[in-house]
Amino acid sequence: MMPQFTQIDWSSLFNMGLPWIVIFAAAAIAFLTAALVEEENSLFTPVMTLVAIAVAFALSWGRWLSPLPGLSFGMLVFDKLSVFVWLMILFSAAISVLLSIPYLAARGFVKPEYYGLLLLSTLGMACLVSAGDLLMVYLGIETMSLAVYVLAGFLRYRAASNEAALKYFLIGAFASAFLLMGIAFVFGSAGSTNLAVLAERSTEIMAGEGRSFYLFGVAMLLIGFGFKIAAVPFHAWAPDVYDGAPTPVTVFMATAVKAAAFVAFLRLGVSVFSAGGEVWITVLSVGAVATMLLGNLAAIVQENIKRMLAYSSIAHAGYILVAFPSIVSDPQGAGRAVLFYLFAYILMTAGAFAVVVVMGLGKDEPTGISRLAGLGKRRPVLAATLTLFLLSLLGIPPTVGFFAKYYLFLTAVKSGYIWLVVIAVINSAISAYYYLRPIVVMYFKIPSPLVGEGQGEGETHALSPFIVAVLAITALGVAYFGIFPSNLLAIVTGSF
Amino acid sequence: MIITVHHYLVLSILLFTIGAIGVVTRRNALIIFMSIELMLNAVNIAFLAFARWNLLIEGKMIVLFVLAVAAAEAAVGLGIVISIYRNRQTVYVDEMRLLKG
């Protein structure tokens, strides 16, 4: 076969890539600042980062609003879906930056390269969510992860942070080897790594002699993605890494990294799963049930709120997987439900972790749940916001978490996976225990000073305005979209 | 004997499995990392075999990307290992038990 050169419209590629260029330029400036300027406790880099994110956000938002159809450059696809998810990613990156400012300042470890790495990771996610080709999926995942490995170990004097980075790195590299093996076998059996081509040829390949190679390849891809989204049985790294990493980085991993990986998984699913659906339906449903059950049961026994939220994030990945078998029969409905859920999940998780950042502003990062005792009296507003986020994670109306679960389960019921939804609802009931426990501790438990309860060091300081901003934005989002879910539904429907 | 694509694939999967077993059984972070590199190179063999079989140049191009990413990964990974060695004077992963539960 002769190599074919497609004509690329460079000017429109530049237009589409402009937000990425802005982010890249800001990252370059951050690294140069780190190398050239002796910067201690200056706000220059974080503010520059926030401005760059805001500019990229405005440019992409304009693109999302414009009625022009999406563009495909083969390897990169700029459609409403990728622009919308990119907006979500920029939002959670901004939240991480806002949380990082007081967090790093409290530790006297203000380094400009931190923000540069954060931006580079965001850039990797941009490639990942716009990927129209399995090679681009791989490059996006690697660019994203390489920066996050370093961020997880950023507090290099802290042994827990080092350990989190090493575990994340080894597991991440292990997972990408599986992902690559999957890409190799899909490439071998389909003769292409382009997702659009795969969608066209899937049925034909499944009927032909390449069937076994193709099945093996997709199975390996599933393993690779399973690690990235922390689905059981590939979840073991998540609690350790979420626990050991600096909390603002944990926010970034739990929201942006997860959303980007899930959307890439969604794209892959839409093009690949329709052929030979039964196999993938079984695998995905079993995975969803195992992920929900293990995440929820393990979260119950946690004494540390950071680890509890890590297991809860595994459980939430399980809920999202409930919608994945529906991709085969109803890709549009499943895609919308997943997007809705990811949006809601970003809001409530970022908010809950923001409270953890406040708790952990002391040197030894005290994040035990017992530390919350009496918070309802000492910090009524903070306690009320944490209550709102926990109730939303649990899925109590009228919070956005309830409607996110509702649409997710509705999609699964419509496609006939009633047993899966029954299990998911039972799991939601189990999760009530560990989401309600911090609330009970905050309001009804009297702190006993003997064991250091109720003495979160960070609580004695006035709240940093950056943290107040994050708490206000996320709490407003959770409440607003909880009362008017149709507004969010309209946005999501316009995106997929 | 004629060497076909299947021979290469068997070789690739064998190397991949050896690498995976190494990751699971070895306790030294550096050896684990070497095993991961072995897995990546096993994948490269598979890509090249498929590229030859399908007569598609893309497979060879992907290998270049994989090599470049693996180099970047090595830089980051060794950096992380060094920072952990400075704090702990060990690179054995079974001695890293700060985080559990």
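Refer to the structure printed above.
Residues numbered from 1 in each chain as written. Chains lettered and ligands numbered in written order. Predicted model: local features only at pLDDT ≥ 70, side-chain atom pairs only at ≥ 80, totals over all residues. Heavy atoms only, no water.

> Help me out: how do you make sense of the overall build of chain A in this one?
Helix and strand counts for chain A come out as 19 helices and two strands. Taking 23 Å as the expected radius of gyration for a compact globule of 496 residues, we find that chain A reaches 22 Å, a close match to that expectation. With respect to the principal axes defined by its C-alpha atoms, chain A has extents near 75 × 55 × 40 Å. Out of the 496 residues in chain A, the part that is buried amounts to 64%. (Helix = DSSP H or I, 4+ residues; strand = E, 2+ residues; numbered from the N terminus. Rg over C-alpha atoms; globule rule 2.2 N^0.38 Å. Buried < 20%, exposed > 50% of the residue type's maximum accessible area, 1.4 Å probe, protein only.)

> Would you mind showing me how to read the overall build of chain B here?
Of regular secondary structure, chain B possesses three helices and zero strands. Along its sequence from the N terminus, chain B presents helices and strands in the succession α-α-α. The C-alpha atoms of chain B give 17 Å as radius of gyration, which overshoots the globular expectation for 101 residues (13 Å, by more than 25%). Principal-axis analysis of the C-alpha atoms places the extent of chain B at approximately 50 × 25 × 25 Å. Burial statistics for chain B: of 101 residues in total, 44% are counted as buried. When contacts within chain B are restricted to residue pairs at least 6 apart in sequence, long-range pairs at least 24 apart make up 52% of them. (Contact = heavy atoms within 4.5 Å.)

> Even after reading the chapter, I still don't get the interface of chain B and chain A, so can you show me in this structure?
Quoted interface sizes are often the accessible area lost when the parts come together. Counting residues at the interface gives 45 residues for chain B, matched by 45 residues for chain A. Carbon and sulfur atoms supply 79% of the area buried between chain B and chain A, which totals about 3,800 Å² over both sides. Here chain B and chain A share one salt bridge between them. The partner of A:Glu163 in a salt bridge is B:Arg88, and the shortest N-O contact between them spans 2.8 Å. Put simply, chain B and chain A have five residue pairs in polar contact (both at pLDDT 80 or more) between them. Where the side of chain B that touches chain A is concerned, the elements lending two or more residues are helix H1 (5–25), helix H2 (29–54) and helix H3 (58–88) of chain B. When residues of the side of chain B that touches chain A are assigned to their parent elements, the largest contribution, 17 residues, is made by H3(B). (Buried area = accessible area lost by both parts, 1.4 Å probe. Salt bridge = Lys/Arg side-chain N within 4 Å of Asp/Glu carboxyl O. Polar contact = N/O pair within 3.5 Å; in protein donor to acceptor, adjacent residues only side chain to side chain.)

> How do you make sense of the packing of aromatic side chains when you look at a structure like this?
For any pair of aromatic rings, geometry is given as the distance between the ring centres together with the angle between the planes. Here the structure, examined in full by the defined rule, presents 40 aromatic pairs over all chains. Seen in terms of ring centroids, A:Tyr168 and A:Trp237 are 5.1 Å apart; in terms of plane orientation they differ by 20°. Their pairing is stacked. Taken together, the residues A:Tyr168 in helix H6 (residues 159–190) and A:Trp237 in helix H9 (residues 237–244) connect sequence positions 69 residues apart. Classification of A:Tyr168 as buried rests on a relative accessible area of 6%. For A:Trp237, a relative accessible area of 7% translates into the label buried. A ring pair is formed by A:Phe213 and B:Phe50, whose centres lie 5.8 Å apart and whose planes are at 75°; its orientation type is edge-to-face. Remark: B:Phe50 occurs in helix H2 and A:Phe213 occurs in helix H8 (residues 211–228); the pair is interchain, linking two chains. Neither A:Phe213 nor B:Phe50 differs from the other in exposure class; each is buried. Through successive ring pairs, a cluster of aromatic residues spans A:Tyr149, A:Tyr168, A:Phe169, A:Trp237, A:Tyr242 and B:Phe33. (Phe/Tyr/Trp six-rings, centres within 6.5 Å; stacked < 30°, edge-to-face > 60°.)

> I keep staring at helix H15 (residues 380–394) of chain A and nothing clicks. Help me out?
Note that an α-helix has 3.6 residues per turn; residues three or four places apart therefore point the same way. Residues and elements named next belong to chain A. When the terminal C-alpha atoms of H15 are compared, their 21 Å separation across 15 residues agrees well with the 21 Å that a helix rising 1.5 Å per residue should span. Buried within H15 are the following residues: Leu 382, Ala 383, Thr 385, Leu 386, Thr 387, Phe 389, Leu 390, Ser 392, Leu 393 and Leu 394. Elements in contact with the buried residues of H15: helix H12 (305–322), helix H13 (331–359), helix H14 (375–378), helix H16 (400–414), helix H17 (418–444) and helix H18 (465–483). Once H15 finishes, Gly 395 follows within two positions and takes phi at roughly 95°, a positive value. (Expected span 1.5 Å × (residues − 1).)

> Honestly, the packing of H12(A) against H13(A) in this entry has me stumped. Any pointers?
Angle between the axes and distance between the axes: these two values describe a pair of packed helices. Residues and elements named next belong to chain A. In the contact formed by H12 and H13, the axes pass within 11 Å of each other and the chain directions differ by 180°. Classified by the interaxial angle, the pair formed by H12 and H13 is roughly antiparallel. Listed contacts from H13 to Ile 305, Lys 306, Leu 309, Ser 313, His 316, Tyr 319 and Ile 320 of H12 are Val 338, Tyr 341, Leu 342, Tyr 345, Met 348, Ala 352, Phe 353, Val 356 and Met 359. Here the residues of the contact of H12 with H13 sort into 13 nonpolar, two polar and one charged. (Axes fitted to C-alpha atoms, helices over the stretch in contact; angles between N-to-C directions. Parallel < 35°, antiparallel > 145°, perpendicular 65-115°, else oblique. Nonpolar A, V, L, I, M, F, W, Y, C, P; charged D, E, K, R; others polar.)

> What should I look at first to understand the nonpolar core in this one?
The tendency in soluble globular proteins is for nonpolar side chains to be buried as a group. Counting 234 residues, the largest nonpolar core has A:Leu166, A:Tyr168, A:Phe265, A:Leu321, A:Phe324, B:Phe16 and B:Phe47 as the members making the most contacts within it. Per-element accounting of this core gives the leading share, 22 residues, to H13(A). Aside from chain neighbours lying at most four places away, what touches B:Phe47 is A:Leu180, A:Ile183, A:Ala184, A:Phe187, B:Gly59, B:Ile62 and B:Val63. (Core = buried A, V, L, I, M, F, W, Y, C linked by side-chain atoms within 4.5 Å.)

> Please clarify how the pattern of salt bridges should be interpreted in this entry.
For side chains bearing opposite charge, pairing can occur when the charged atoms are close. Residues and elements named next belong to chain A. Summed over the entire model, instances satisfying the criterion amount to seven salt bridges over all chains. Put simply, Lys 167 and Glu 163 hold a salt bridge, and the shortest N to O gap is 3.2 Å. In this pair, Lys 167 and Glu 163 are both assigned in helix H6, four residues apart and thus about one turn of the helix distant. Take Lys 167: its relative accessible area is 23%, and that puts it in the partly exposed class. For Glu 163, a relative accessible area of 0% puts it in the buried group. Residues Glu 303 and Arg 437 are paired through a salt bridge, measuring 3.6 Å at the closest nitrogen-oxygen approach.

> How should I be thinking about the environment of A:Thr474 in this particular structure?
Residues and elements named next belong to chain A. Here Thr 474 shows up in helix H18. As for Thr 474 and Gly 17, which are separated by 457 residues in sequence, their C-alpha atoms are 28 Å apart. For Thr 474, the contacting residues outside a window of four places in its chain are Ile 95, Leu 347, Ala 350, Gly 351 and Phe 389. Looking at Thr 474, its side chain comes within polar contact range of the main-chain oxygen of Val 470, at 2.7 Å.

> Looking at this structure, how should I read the environment of A:Ser285?
All names here are of chain A. Assignment of secondary structure puts Ser 285 in helix H11 (residues 277–300). For the pair formed by Ser 285 and Ile 300, sequence separation is 15 residues and the distance between their alpha carbons is 23 Å. The residues contacting Ser 285, other than those within four sequence positions of it, are Pro 325, Trp 419 and Leu 420.

> What should I look at first to understand unusual backbone geometry in this one?
If a residue is not glycine, its phi is most likely negative; likewise, a peptide bond is most likely trans. For the bond from A:Val232 to A:Pro233, the omega torsion is 5°, close enough to zero to count as cis. Here A:Pro233 shows up in the loop between H8 and H9. Here the amide bond leading from A:Pro397 into A:Pro398 is cis, since omega sits at 0°, within 30 degrees of zero. With respect to the element layout, A:Pro398 can be found in the loop between H15 and H16. The backbone of B:Gln89 shows a phi angle near 55°, a positive value even though the residue is not glycine.

> What exactly am I supposed to notice about helix H3 (residues 80–106) of chain A here?
All names here are of chain A. If you check H3, its first and last C-alpha atoms are 40 Å apart, about what 27 residues at 1.5 Å a residue would give, namely 39 Å. Along H3, 23 of the 27 residues are buried, which leaves the element largely enclosed by surrounding structure. One or two residues past the end of H3 sits Gly 108, with phi positive at roughly 60°.

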